[in-house]
Amino acid sequence: MKLNANRSKRPTKQALLAAVFVGAFSTAEAQADTLRVIAGNLKIVDPIVTTSGDTLVHAYLIYDKLFELDETGAPRPALADKVDLSDDKKSYSITLRDGLKFSDGSPMTTDDVIQSLRRWVSQDQTGKLLAARLKDFVAVDDLTFRIELSEPFDVPEALAHITGNPAFIMPKRVASLPPTEQLTDTTGSGPYEFDYSSWKPGEKRIYTRNPDYEPRNDPASFYSGKKEATFDNIEFSYIPDANTAMAAMLTGSQDIWIGAPLDNALSLRDNLKLVVAKGFSSQGLLVLNHVVPPLNNVKLRKALTSLADQEEINAASAGDAQFWRVCYAYLTCEGRYGDETVYTGHRGPADLDAAKKLFEEAGYDGTPFVILDPTDWPSAHARALYIAQQLRKIGAKVDVQSMDWATLTSRRTSKAPVSEGGWTLFPNIMEGQPASSPLTHLMLASNCDKAWFGWPCDERIEELRTSFIGAVDENQKKKIASELQARASEYVPFILTGETNEAVVFGADIEGFDSEAPEPFFWNIKRKSN
(Lines give C-alpha, C1' and ligand atoms only; values in the text may rest on other atoms or scores of the structure.)
Protein backbone atom coordinates (compact mmCIF):
# COMPACT_ATOMS: atom_id res chain seq x y z
CA MET A 1 0.00 0.00 0.00
CA LYS A 2 2.83 2.39 0.80
CA LEU A 3 4.40 1.79 -2.61
CA ASN A 4 1.14 2.63 -4.36
CA ALA A 5 0.76 5.77 -2.28
CA ASN A 6 4.24 6.95 -3.25
CA ARG A 7 3.54 6.35 -6.92
CA SER A 8 0.42 8.50 -6.70
CA LYS A 9 2.34 11.57 -5.47
CA ARG A 10 2.88 14.39 -7.97
CA PRO A 11 6.56 14.67 -9.01
CA THR A 12 8.50 17.82 -8.20
CA LYS A 13 9.64 20.22 -10.94
CA GLN A 14 13.21 19.04 -10.46
CA ALA A 15 12.12 15.44 -10.86
CA LEU A 16 10.27 16.28 -14.07
CA LEU A 17 13.34 18.03 -15.48
CA ALA A 18 15.50 15.07 -14.51
CA ALA A 19 13.09 12.69 -16.18
CA VAL A 20 13.11 14.76 -19.38
CA PHE A 21 16.92 14.79 -19.37
CA VAL A 22 17.17 11.06 -18.77
CA GLY A 23 14.50 10.37 -21.38
CA ALA A 24 16.31 12.47 -23.98
CA PHE A 25 19.59 10.76 -23.18
CA SER A 26 17.95 7.32 -23.38
CA THR A 27 16.37 8.18 -26.74
CA ALA A 28 19.69 9.31 -28.17
CA GLU A 29 21.37 6.21 -26.80
CA ALA A 30 18.67 4.00 -28.36
CA GLN A 31 19.09 5.74 -31.71
CA ALA A 32 22.85 5.28 -31.52
CA ASP A 33 22.22 1.60 -30.81
CA THR A 34 20.25 1.07 -34.04
CA LEU A 35 22.05 0.36 -37.30
CA ARG A 36 20.03 1.61 -40.29
CA VAL A 37 20.53 -0.03 -43.67
CA ILE A 38 19.15 0.66 -47.16
CA ALA A 39 18.78 -2.67 -48.92
CA GLY A 40 16.55 -4.60 -51.31
CA ASN A 41 12.89 -5.40 -50.89
CA LEU A 42 12.52 -8.64 -48.94
CA LYS A 43 9.61 -10.72 -50.22
CA ILE A 44 10.43 -14.28 -49.12
CA VAL A 45 11.86 -15.09 -45.67
CA ASP A 46 12.64 -18.76 -46.37
CA PRO A 47 16.25 -19.27 -47.61
CA ILE A 48 15.50 -22.82 -48.75
CA VAL A 49 12.64 -21.72 -51.05
CA THR A 50 14.65 -19.04 -52.90
CA THR A 51 18.26 -18.04 -53.65
CA SER A 52 17.35 -14.32 -53.56
CA GLY A 53 20.12 -12.12 -52.19
CA ASP A 54 17.61 -10.12 -50.13
CA THR A 55 16.45 -13.34 -48.47
CA LEU A 56 20.05 -14.36 -47.72
CA VAL A 57 20.83 -11.00 -46.07
CA HIS A 58 17.80 -11.64 -43.85
CA ALA A 59 18.78 -15.27 -43.20
CA TYR A 60 22.36 -14.53 -42.14
CA LEU A 61 21.00 -12.27 -39.40
CA ILE A 62 18.70 -14.83 -37.82
CA TYR A 63 20.35 -18.20 -38.60
CA ASP A 64 23.75 -19.80 -38.08
CA LYS A 65 25.39 -22.77 -39.81
CA LEU A 66 27.52 -25.70 -38.71
CA PHE A 67 30.52 -24.31 -40.60
CA GLU A 68 31.46 -20.94 -42.08
CA LEU A 69 34.19 -19.86 -44.50
CA ASP A 70 37.14 -17.84 -43.21
CA GLU A 71 39.06 -15.19 -45.13
CA THR A 72 41.17 -17.84 -46.89
CA GLY A 73 38.07 -19.66 -48.13
CA ALA A 74 38.53 -22.58 -45.70
CA PRO A 75 35.55 -23.94 -43.70
CA ARG A 76 35.70 -23.42 -39.92
CA PRO A 77 33.35 -24.74 -37.21
CA ALA A 78 30.51 -22.38 -36.28
CA LEU A 79 27.68 -24.17 -34.46
CA ALA A 80 29.86 -27.26 -34.68
CA ASP A 81 32.39 -27.78 -31.91
CA LYS A 82 34.48 -30.48 -33.55
CA VAL A 83 34.46 -32.76 -36.56
CA ASP A 84 36.11 -36.15 -37.04
CA LEU A 85 36.66 -37.77 -40.43
CA SER A 86 36.95 -41.53 -40.74
CA ASP A 87 40.05 -43.10 -42.31
CA ASP A 88 38.14 -44.05 -45.46
CA LYS A 89 36.84 -40.44 -45.68
CA LYS A 90 33.26 -41.69 -45.90
CA SER A 91 31.98 -40.74 -42.46
CA TYR A 92 31.96 -37.38 -40.66
CA SER A 93 31.20 -37.26 -36.94
CA ILE A 94 30.11 -33.75 -35.96
CA THR A 95 29.60 -32.56 -32.38
CA LEU A 96 27.64 -29.40 -31.59
CA ARG A 97 28.81 -26.78 -29.13
CA ASP A 98 27.32 -27.35 -25.71
CA GLY A 99 24.47 -25.09 -24.56
CA LEU A 100 23.28 -23.84 -27.96
CA LYS A 101 19.74 -22.43 -28.02
CA PHE A 102 17.31 -21.16 -30.61
CA SER A 103 15.87 -17.64 -30.39
CA ASP A 104 12.77 -18.99 -28.58
CA GLY A 105 15.01 -20.33 -25.81
CA SER A 106 14.66 -24.01 -26.75
CA PRO A 107 17.86 -26.14 -26.78
CA MET A 108 19.41 -27.09 -30.13
CA THR A 109 19.89 -30.82 -30.64
CA THR A 110 21.04 -33.10 -33.41
CA ASP A 111 17.38 -33.78 -34.28
CA ASP A 112 17.05 -30.11 -35.28
CA VAL A 113 20.30 -30.21 -37.24
CA ILE A 114 19.50 -33.42 -39.12
CA GLN A 115 16.04 -32.21 -40.14
CA SER A 116 17.54 -28.88 -41.29
CA LEU A 117 20.10 -30.72 -43.40
CA ARG A 118 17.46 -33.02 -44.90
CA ARG A 119 15.48 -29.99 -46.06
CA TRP A 120 18.67 -28.37 -47.37
CA VAL A 121 19.90 -31.34 -49.45
CA SER A 122 16.50 -31.62 -51.13
CA GLN A 123 16.75 -28.10 -52.59
CA ASP A 124 20.26 -26.65 -52.76
CA GLN A 125 22.50 -27.50 -55.73
CA THR A 126 25.53 -28.25 -53.55
CA GLY A 127 23.27 -30.08 -51.13
CA LYS A 128 22.09 -32.30 -53.98
CA LEU A 129 25.72 -33.25 -54.67
CA LEU A 130 25.94 -34.39 -51.05
CA ALA A 131 22.57 -36.15 -51.30
CA ALA A 132 23.85 -38.19 -54.27
CA ARG A 133 26.61 -39.57 -52.02
CA LEU A 134 24.63 -39.73 -48.78
CA LYS A 135 23.83 -43.00 -47.04
CA ASP A 136 22.25 -41.43 -43.98
CA PHE A 137 22.31 -38.84 -41.21
CA VAL A 138 22.62 -40.72 -37.89
CA ALA A 139 21.99 -39.14 -34.48
CA VAL A 140 24.48 -40.48 -31.90
CA ASP A 141 23.14 -38.39 -29.02
CA ASP A 142 21.74 -34.89 -28.48
CA LEU A 143 25.02 -33.23 -29.44
CA THR A 144 26.70 -35.63 -31.89
CA PHE A 145 25.63 -37.03 -35.25
CA ARG A 146 27.24 -38.75 -38.23
CA ILE A 147 27.04 -38.08 -41.95
CA GLU A 148 27.62 -41.44 -43.63
CA LEU A 149 28.62 -41.40 -47.31
CA SER A 150 28.95 -43.86 -50.16
CA GLU A 151 32.07 -42.05 -51.41
CA PRO A 152 34.34 -39.23 -50.19
CA PHE A 153 32.94 -35.70 -50.23
CA ASP A 154 34.13 -32.44 -48.61
CA VAL A 155 31.20 -32.04 -46.24
CA PRO A 156 32.48 -29.02 -44.22
CA GLU A 157 33.01 -26.96 -47.38
CA ALA A 158 29.57 -27.88 -48.68
CA LEU A 159 27.95 -26.93 -45.37
CA ALA A 160 29.86 -23.64 -45.27
CA HIS A 161 29.04 -22.37 -48.75
CA ILE A 162 27.62 -18.87 -48.65
CA THR A 163 25.17 -18.41 -51.51
CA GLY A 164 22.51 -20.54 -53.19
CA ASN A 165 20.43 -22.12 -50.39
CA PRO A 166 22.92 -22.22 -47.50
CA ALA A 167 22.70 -24.94 -44.85
CA PHE A 168 21.12 -22.81 -42.11
CA ILE A 169 20.06 -24.57 -38.92
CA MET A 170 16.42 -24.24 -37.84
CA PRO A 171 14.28 -25.93 -35.18
CA LYS A 172 13.03 -29.35 -36.24
CA ARG A 173 9.40 -28.20 -36.30
CA VAL A 174 10.32 -25.46 -38.80
CA ALA A 175 12.65 -27.57 -40.93
CA SER A 176 9.98 -30.26 -41.21
CA LEU A 177 8.06 -28.02 -43.61
CA PRO A 178 8.36 -29.25 -47.23
CA PRO A 179 10.86 -27.15 -49.22
CA THR A 180 8.07 -26.31 -51.66
CA GLU A 181 6.28 -24.38 -48.90
CA GLN A 182 7.48 -21.11 -47.39
CA LEU A 183 8.03 -21.04 -43.64
CA THR A 184 6.33 -18.41 -41.49
CA ASP A 185 8.03 -19.32 -38.21
CA THR A 186 11.32 -17.37 -38.13
CA THR A 187 12.71 -18.88 -34.93
CA GLY A 188 16.42 -18.93 -35.64
CA SER A 189 19.89 -19.89 -34.49
CA GLY A 190 21.75 -16.66 -35.27
CA PRO A 191 22.77 -13.42 -33.51
CA TYR A 192 19.51 -11.56 -34.26
CA GLU A 193 15.83 -12.42 -34.21
CA PHE A 194 12.94 -11.30 -36.40
CA ASP A 195 9.22 -11.03 -35.62
CA TYR A 196 7.54 -12.30 -38.77
CA SER A 197 4.04 -11.68 -37.40
CA SER A 198 4.54 -7.90 -37.17
CA TRP A 199 6.07 -7.43 -40.64
CA LYS A 200 4.62 -6.96 -44.11
CA PRO A 201 6.63 -7.15 -47.39
CA GLY A 202 7.68 -3.71 -48.60
CA GLU A 203 7.68 -2.26 -45.10
CA LYS A 204 10.61 -1.40 -42.87
CA ARG A 205 11.87 -4.48 -41.07
CA ILE A 206 13.59 -4.56 -37.70
CA TYR A 207 15.90 -7.21 -36.25
CA THR A 208 16.65 -7.32 -32.52
CA ARG A 209 19.53 -8.86 -30.65
CA ASN A 210 18.93 -12.53 -29.84
CA PRO A 211 19.58 -12.84 -26.07
CA ASP A 212 19.95 -16.62 -26.36
CA TYR A 213 22.73 -16.54 -28.96
CA GLU A 214 26.17 -17.57 -27.73
CA PRO A 215 28.94 -16.44 -30.12
CA ARG A 216 32.15 -18.37 -30.53
CA ASN A 217 35.30 -17.05 -28.91
CA ASP A 218 37.47 -17.48 -32.03
CA PRO A 219 38.74 -14.32 -33.73
CA ALA A 220 36.35 -13.15 -36.45
CA SER A 221 37.47 -14.02 -39.99
CA PHE A 222 35.08 -13.33 -42.88
CA TYR A 223 31.91 -15.31 -42.00
CA SER A 224 33.63 -17.48 -39.38
CA GLY A 225 34.65 -16.96 -35.78
CA LYS A 226 32.97 -14.66 -33.27
CA LYS A 227 29.63 -13.21 -34.40
CA GLU A 228 28.76 -10.44 -31.98
CA ALA A 229 25.42 -8.63 -32.17
CA THR A 230 26.88 -5.21 -31.40
CA PHE A 231 23.67 -3.25 -32.08
CA ASP A 232 20.45 -3.77 -30.17
CA ASN A 233 18.49 -3.27 -33.39
CA ILE A 234 19.16 -3.36 -37.11
CA GLU A 235 16.59 -1.59 -39.26
CA PHE A 236 16.27 -2.23 -43.01
CA SER A 237 14.53 0.15 -45.39
CA TYR A 238 13.70 -0.37 -49.05
CA ILE A 239 14.22 2.96 -50.84
CA PRO A 240 13.96 2.29 -54.60
CA ASP A 241 14.52 5.92 -55.62
CA ALA A 242 18.30 6.44 -55.74
CA ASN A 243 18.11 10.19 -55.11
CA THR A 244 15.99 9.69 -52.00
CA ALA A 245 18.44 7.04 -50.75
CA MET A 246 21.38 9.35 -51.44
CA ALA A 247 19.72 12.16 -49.50
CA ALA A 248 19.20 9.79 -46.55
CA MET A 249 22.91 8.98 -46.55
CA LEU A 250 23.87 12.66 -46.76
CA THR A 251 21.68 13.60 -43.80
CA GLY A 252 22.94 10.68 -41.72
CA SER A 253 19.48 9.16 -41.28
CA GLN A 254 20.85 5.92 -42.83
CA ASP A 255 24.16 4.22 -42.06
CA ILE A 256 24.75 1.77 -44.92
CA TRP A 257 23.52 1.71 -48.53
CA ILE A 258 23.79 -1.71 -50.17
CA GLY A 259 23.80 -1.84 -53.98
CA ALA A 260 24.03 1.88 -54.58
CA PRO A 261 23.95 2.76 -58.31
CA LEU A 262 27.52 3.50 -59.33
CA ASP A 263 26.83 7.04 -60.59
CA ASN A 264 25.19 7.99 -57.30
CA ALA A 265 27.92 6.35 -55.26
CA LEU A 266 30.72 8.10 -57.14
CA SER A 267 29.06 11.49 -56.60
CA LEU A 268 29.48 10.93 -52.84
CA ARG A 269 33.21 10.21 -52.94
CA ASP A 270 34.26 13.68 -51.75
CA ASN A 271 31.99 13.66 -48.71
CA LEU A 272 34.23 13.13 -45.68
CA LYS A 273 31.35 11.72 -43.64
CA LEU A 274 30.82 8.84 -46.08
CA VAL A 275 32.88 5.94 -47.45
CA VAL A 276 32.36 4.73 -51.02
CA ALA A 277 33.66 1.16 -51.18
CA LYS A 278 33.68 -1.89 -53.39
CA GLY A 279 30.80 -4.23 -52.72
CA PHE A 280 30.58 -7.94 -53.50
CA SER A 281 32.61 -9.28 -56.40
CA SER A 282 31.03 -10.96 -59.42
CA GLN A 283 32.36 -12.89 -62.38
CA GLY A 284 30.99 -11.28 -65.53
CA LEU A 285 30.11 -13.69 -68.33
CA LEU A 286 28.09 -14.33 -71.45
CA VAL A 287 25.83 -17.37 -71.14
CA LEU A 288 25.96 -19.46 -74.34
CA ASN A 289 23.33 -21.83 -75.73
CA HIS A 290 25.13 -25.11 -76.45
CA VAL A 291 22.04 -26.96 -77.63
CA VAL A 292 21.10 -25.18 -80.87
CA PRO A 293 23.07 -23.50 -83.69
CA PRO A 294 25.16 -21.49 -84.03
CA LEU A 295 26.99 -21.84 -80.67
CA ASN A 296 26.75 -25.62 -80.55
CA ASN A 297 29.94 -25.29 -82.65
CA VAL A 298 33.03 -24.87 -80.43
CA LYS A 299 34.89 -22.83 -83.08
CA LEU A 300 32.17 -20.19 -82.96
CA ARG A 301 32.35 -20.14 -79.16
CA LYS A 302 36.11 -19.59 -79.43
CA ALA A 303 35.48 -16.85 -82.00
CA LEU A 304 33.46 -14.99 -79.38
CA THR A 305 36.47 -14.98 -77.04
CA SER A 306 38.42 -13.24 -79.84
CA LEU A 307 35.72 -10.57 -80.03
CA ALA A 308 35.58 -9.88 -76.27
CA ASP A 309 38.03 -7.21 -75.07
CA GLN A 310 37.50 -7.24 -71.31
CA GLU A 311 38.86 -3.71 -70.89
CA GLU A 312 36.44 -2.33 -73.48
CA ILE A 313 33.54 -4.31 -72.07
CA ASN A 314 34.05 -3.12 -68.50
CA ALA A 315 34.83 0.47 -69.43
CA ALA A 316 31.40 0.49 -71.10
CA SER A 317 29.45 -1.56 -68.56
CA ALA A 318 31.11 -0.80 -65.20
CA GLY A 319 32.91 2.49 -65.86
CA ASP A 320 35.18 3.48 -62.98
CA ALA A 321 38.29 1.27 -62.86
CA GLN A 322 37.97 0.85 -59.05
CA PHE A 323 35.01 -1.43 -59.66
CA TRP A 324 36.31 -3.92 -62.25
CA ARG A 325 39.33 -5.99 -63.25
CA VAL A 326 40.44 -8.11 -66.20
CA CYS A 327 40.45 -11.84 -65.35
CA TYR A 328 40.92 -15.03 -67.38
CA ALA A 329 40.42 -17.58 -64.59
CA TYR A 330 37.27 -19.67 -64.85
CA LEU A 331 37.30 -19.93 -61.03
CA THR A 332 37.92 -16.18 -60.41
CA CYS A 333 41.25 -14.46 -60.01
CA GLU A 334 40.87 -13.77 -56.30
CA GLY A 335 39.46 -17.19 -55.47
CA ARG A 336 41.28 -20.03 -53.77
CA TYR A 337 41.40 -22.12 -56.97
CA GLY A 338 41.63 -19.45 -59.67
CA ASP A 339 44.42 -20.05 -62.22
CA GLU A 340 44.83 -17.67 -65.17
CA THR A 341 48.03 -19.38 -66.33
CA VAL A 342 46.16 -22.36 -67.80
CA TYR A 343 43.78 -20.28 -69.91
CA THR A 344 44.47 -20.98 -73.59
CA GLY A 345 41.81 -18.76 -75.16
CA HIS A 346 42.16 -15.27 -76.57
CA ARG A 347 43.35 -12.49 -74.24
CA GLY A 348 43.56 -8.73 -74.57
CA PRO A 349 42.22 -6.50 -77.37
CA ALA A 350 39.69 -7.96 -79.77
CA ASP A 351 41.13 -9.78 -82.78
CA LEU A 352 38.54 -9.46 -85.56
CA ASP A 353 40.66 -11.32 -88.10
CA ALA A 354 41.02 -14.34 -85.80
CA ALA A 355 37.27 -14.34 -85.20
CA LYS A 356 36.54 -14.16 -88.96
CA LYS A 357 38.87 -17.08 -89.60
CA LEU A 358 37.13 -19.22 -86.98
CA PHE A 359 33.75 -18.34 -88.49
CA GLU A 360 35.01 -19.54 -91.87
CA GLU A 361 36.46 -22.76 -90.42
CA ALA A 362 33.15 -23.42 -88.65
CA GLY A 363 31.22 -22.99 -91.90
CA TYR A 364 28.98 -20.28 -90.43
CA ASP A 365 25.76 -20.30 -92.49
CA GLY A 366 24.23 -17.00 -91.43
CA THR A 367 22.12 -18.34 -88.56
CA PRO A 368 21.21 -15.27 -86.48
CA PHE A 369 22.80 -14.67 -83.11
CA VAL A 370 19.74 -13.95 -80.96
CA ILE A 371 20.96 -11.90 -78.00
CA LEU A 372 18.62 -11.50 -75.03
CA ASP A 373 19.17 -7.95 -73.75
CA PRO A 374 18.01 -7.10 -70.18
CA THR A 375 17.47 -3.35 -70.51
CA ASP A 376 16.58 -2.91 -66.82
CA TRP A 377 20.07 -4.10 -65.78
CA PRO A 378 22.41 -1.33 -67.06
CA SER A 379 25.74 -3.17 -66.89
CA ALA A 380 24.32 -6.33 -68.51
CA HIS A 381 22.56 -4.20 -71.13
CA ALA A 382 25.91 -2.60 -72.03
CA ARG A 383 27.56 -6.02 -72.39
CA ALA A 384 24.75 -7.25 -74.65
CA LEU A 385 25.12 -4.24 -76.95
CA TYR A 386 28.92 -4.61 -76.98
CA ILE A 387 28.97 -8.22 -78.16
CA ALA A 388 26.26 -7.46 -80.72
CA GLN A 389 28.42 -4.68 -82.15
CA GLN A 390 31.49 -6.93 -82.29
CA LEU A 391 29.57 -9.67 -84.12
CA ARG A 392 28.26 -7.20 -86.67
CA LYS A 393 31.83 -6.01 -87.33
CA ILE A 394 32.73 -9.46 -88.72
CA GLY A 395 29.55 -9.83 -90.75
CA ALA A 396 27.51 -12.07 -88.44
CA LYS A 397 23.75 -11.75 -88.48
CA VAL A 398 22.57 -10.38 -85.13
CA ASP A 399 19.10 -10.05 -83.56
CA VAL A 400 19.13 -8.11 -80.28
CA GLN A 401 15.87 -8.68 -78.41
CA SER A 402 15.25 -6.17 -75.63
CA MET A 403 13.33 -7.14 -72.49
CA ASP A 404 13.39 -6.81 -68.72
CA TRP A 405 15.27 -9.34 -66.63
CA ALA A 406 12.07 -11.03 -65.43
CA THR A 407 11.08 -11.75 -69.04
CA LEU A 408 14.59 -12.98 -69.81
CA THR A 409 14.40 -15.54 -67.01
CA SER A 410 11.37 -17.02 -68.76
CA ARG A 411 12.92 -16.92 -72.24
CA ARG A 412 16.16 -18.59 -71.16
CA THR A 413 14.35 -21.86 -70.44
CA SER A 414 13.71 -22.43 -74.18
CA LYS A 415 15.74 -24.98 -76.13
CA ALA A 416 13.99 -24.14 -79.40
CA PRO A 417 16.01 -23.08 -82.47
CA VAL A 418 16.40 -19.33 -82.89
CA SER A 419 13.98 -19.50 -85.84
CA GLU A 420 11.31 -20.75 -83.42
CA GLY A 421 11.76 -18.28 -80.58
CA GLY A 422 14.99 -19.64 -79.12
CA TRP A 423 18.09 -17.71 -78.11
CA THR A 424 21.86 -17.74 -78.59
CA LEU A 425 23.39 -15.85 -75.67
CA PHE A 426 22.74 -13.37 -72.88
CA PRO A 427 24.87 -11.47 -70.32
CA ASN A 428 24.92 -12.55 -66.68
CA ILE A 429 27.12 -12.78 -63.58
CA MET A 430 28.14 -15.39 -61.02
CA GLU A 431 28.73 -14.12 -57.49
CA GLY A 432 32.46 -14.23 -56.77
CA GLN A 433 32.36 -16.69 -53.87
CA PRO A 434 30.40 -19.52 -55.52
CA ALA A 435 32.24 -18.84 -58.79
CA SER A 436 35.54 -19.60 -57.02
CA SER A 437 34.96 -23.34 -56.58
CA PRO A 438 33.95 -26.23 -58.88
CA LEU A 439 31.70 -27.34 -56.04
CA THR A 440 29.47 -24.27 -56.27
CA HIS A 441 29.98 -22.74 -59.75
CA LEU A 442 26.60 -23.52 -61.31
CA MET A 443 27.46 -22.23 -64.77
CA LEU A 444 30.68 -24.21 -65.01
CA ALA A 445 28.83 -27.48 -64.51
CA SER A 446 28.67 -29.15 -67.95
CA ASN A 447 26.35 -32.07 -67.29
CA CYS A 448 24.18 -31.60 -70.40
CA ASP A 449 20.43 -31.55 -69.73
CA LYS A 450 21.07 -31.26 -65.98
CA ALA A 451 23.28 -28.19 -66.43
CA TRP A 452 22.23 -24.58 -65.90
CA PHE A 453 20.55 -22.67 -68.75
CA GLY A 454 22.70 -22.95 -71.86
CA TRP A 455 23.20 -26.64 -71.08
CA PRO A 456 26.96 -27.07 -71.65
CA CYS A 457 27.83 -30.72 -72.15
CA ASP A 458 31.42 -31.89 -71.73
CA GLU A 459 32.45 -35.26 -70.33
CA ARG A 460 35.95 -34.16 -69.33
CA ILE A 461 34.76 -31.15 -67.33
CA GLU A 462 32.33 -33.39 -65.49
CA GLU A 463 35.03 -35.98 -64.77
CA LEU A 464 37.20 -33.25 -63.24
CA ARG A 465 34.30 -31.78 -61.26
CA THR A 466 33.54 -35.25 -59.87
CA SER A 467 37.22 -35.71 -58.92
CA PHE A 468 37.27 -32.31 -57.22
CA ILE A 469 34.07 -32.99 -55.30
CA GLY A 470 35.49 -36.25 -53.94
CA ALA A 471 38.91 -34.80 -53.07
CA VAL A 472 39.73 -33.87 -49.49
CA ASP A 473 43.45 -32.99 -49.80
CA GLU A 474 43.86 -29.28 -50.61
CA ASN A 475 46.84 -29.69 -52.94
CA GLN A 476 44.96 -32.34 -54.91
CA LYS A 477 41.94 -30.04 -55.19
CA LYS A 478 44.08 -27.19 -56.55
CA LYS A 479 45.64 -29.48 -59.14
CA ILE A 480 42.25 -30.71 -60.31
CA ALA A 481 40.86 -27.15 -60.37
CA SER A 482 43.70 -26.03 -62.65
CA GLU A 483 43.09 -28.95 -65.03
CA LEU A 484 39.40 -28.14 -65.06
CA GLN A 485 40.03 -24.47 -65.95
CA ALA A 486 42.40 -25.50 -68.73
CA ARG A 487 39.72 -27.78 -70.16
CA ALA A 488 37.08 -25.04 -69.82
CA SER A 489 39.20 -22.67 -71.91
CA GLU A 490 39.17 -25.28 -74.69
CA TYR A 491 35.49 -26.20 -74.45
CA VAL A 492 34.24 -22.64 -73.62
CA PRO A 493 31.15 -23.25 -71.47
CA PHE A 494 30.72 -19.46 -71.27
CA ILE A 495 32.62 -16.29 -72.21
CA LEU A 496 34.58 -14.50 -69.47
CA THR A 497 34.02 -10.72 -69.48
CA GLY A 498 36.04 -9.75 -66.39
CA GLU A 499 35.22 -9.32 -62.71
CA THR A 500 33.21 -6.44 -61.27
CA ASN A 501 32.20 -5.08 -57.87
CA GLU A 502 28.98 -3.46 -56.77
CA ALA A 503 29.20 -0.11 -54.97
CA VAL A 504 28.44 0.24 -51.26
CA VAL A 505 28.19 3.51 -49.32
CA PHE A 506 28.42 3.71 -45.53
CA GLY A 507 29.04 6.27 -42.82
CA ALA A 508 32.66 7.05 -41.97
CA ASP A 509 31.80 6.38 -38.32
CA ILE A 510 30.94 2.73 -39.09
CA GLU A 511 33.75 0.22 -38.57
CA GLY A 512 33.98 -3.54 -38.95
CA PHE A 513 31.62 -3.71 -41.95
CA ASP A 514 32.87 -6.04 -44.72
CA SER A 515 31.55 -4.31 -47.82
CA GLU A 516 32.86 -7.03 -50.17
CA ALA A 517 31.11 -10.00 -48.54
CA PRO A 518 29.09 -11.87 -51.21
CA GLU A 519 26.04 -11.67 -48.95
CA PRO A 520 26.30 -8.69 -46.54
CA PHE A 521 26.38 -9.63 -42.86
CA PHE A 522 25.87 -7.30 -39.93
CA TRP A 523 27.56 -8.75 -36.88
CA ASN A 524 30.83 -7.33 -35.39
CA ILE A 525 30.00 -3.82 -36.69
CA LYS A 526 30.53 -0.83 -34.42
CA ARG A 527 29.90 2.88 -34.44
CA LYS A 528 33.09 4.78 -33.66
CA SER A 529 31.21 7.43 -31.70
CA ASN A 530 30.14 4.72 -29.24
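Just above sits the structure.
Report on the accompanying structure. (Residues numbered from 1 in each chain as written. Predicted model: local features only at pLDDT ≥ 70, side-chain atom pairs only at ≥ 80, totals over all residues. Heavy atoms only, no water.)

Turning our attention to the pairing of strand 5 (residues 91-96). Burial runs high along strand 5: six of the six residues are buried. Residues Ser91, Ser93 and Thr95 point to one face of strand 5 and Tyr92, Ile94 and Leu96 to the other, with burial holding for every one of them. As defined by bridge partners, strand 4 (residues 80-85) adjoins strand 5 across five bridges and the pair is classed as antiparallel. Following the sheet pairing, Val83 is matched in strand 5 by Ile94. Connecting the antiparallel pair strand 4 and strand 5 is a turn made up of five residues, with Lys89 showing a positive phi of about 60°. As defined by bridge partners, strand 5 adjoins strand 7 (residues 144-149) across five bridges and the pair is classed as antiparallel. Each bridged residue has a counterpart across the sheet, and for Ser91 the counterpart in strand 7 is Glu148. (Buried < 20%, exposed > 50% of the residue type's maximum accessible area, 1.4 Å probe, protein only. Helix = DSSP H or I, 4+ residues; strand = E, 2+ residues; numbered from the N terminus. Pairing = 2+ DSSP bridges.)

Residue placement: Thr144 occurs in strand 7. We classify Thr144 as buried; its relative accessible area is 13%. Spatially, the C-alpha atom of Thr144 lies 27 Å from that of Thr440, the residues being 296 residues apart in sequence. Leaving out residues up to four positions away in the same chain, Thr144 has contacts with Ser93, Ile94, Thr95, Thr110 and Ala139. (Contact = heavy atoms within 4.5 Å.)

Moving on, we get to the side chain of Arg465. Mapped onto the elements, Arg465 comes out in helix 15 (residues 459-470). Residue classification places Arg465 among the buried residues on the basis of a relative accessible area of 8%. Only 3.0 Å separates the side chain of Arg465 from the side chain of Glu462, close enough to count as a polar contact. Contact partners of Arg465, with chain neighbours within four places excluded, come to Leu129, Pro438, Leu444, Ala445 and Leu484. (Polar contact = N/O pair within 3.5 Å; in protein donor to acceptor, adjacent residues only side chain to side chain.)

A few words now on unusual backbone geometry. Going from Pro293 to Pro294, the amide bond is cis rather than trans, its omega being 10°. By the secondary structure assignment, Pro294 is in the loop between strand 12 (274-288) and helix 10 (298-307). The phi angle at Asn524 is positive, at roughly 65°, despite the residue not being glycine. Looking at the element boundaries, Asn524 is found in the loop between strand 18 (510-511) and strand 19 (526-527).

Another aspect to go through is helix 8 (residues 242-251). Looking only at helix 8, the buried set comprises Ala242, Ala245, Met246, Ala248 and Met249. Taken around the axis of helix 8, the buried residues stretch over an arc of 155°, which confines them to a single face. Buried-residue contacts for helix 8 involve strand 1 (34-38), strand 11 (256-260), helix 9 (262-266), strand 12 and strand 17 (494-507). Where helix 8 ends, the next residue or the one after it, Gly252, has phi of about 80°, a positive value. (Arc of directions from axis to C-beta.)

Here we come to the side chain of Thr34. Locating Thr34 in the fold gives a position in strand 1. We classify Thr34 as buried; its relative accessible area is 7%. Excluding anything up to four places from it in sequence, Thr34 contacts Phe231, Asn233, Glu235, Asp255 and Arg527.

Within the structure shown, the criterion is met by 31 salt bridges. Note that Glu235 is salt-bridged to Arg36, the shortest N-O span being 3.4 Å. With Glu235 in strand 10 (residues 233-237) and Arg36 in strand 1, the pair connects residues that are 199 residues apart, well separated along the chain. Between Glu483 and Arg460 there is a salt bridge, with its nearest N and O atoms 3.6 Å apart. One end of the pair, Glu483, is in helix 16 (residues 474-491); the other, Arg460, is in helix 15, and 23 residues separate them in sequence. Judged by its relative accessible area of 30%, Glu483 falls in the partly exposed class. Through salt bridges that share partners, Asp154, Glu157, Arg336, Glu474 and Lys477 make up one connected network. (Salt bridge = Lys/Arg side-chain N within 4 Å of Asp/Glu carboxyl O.)

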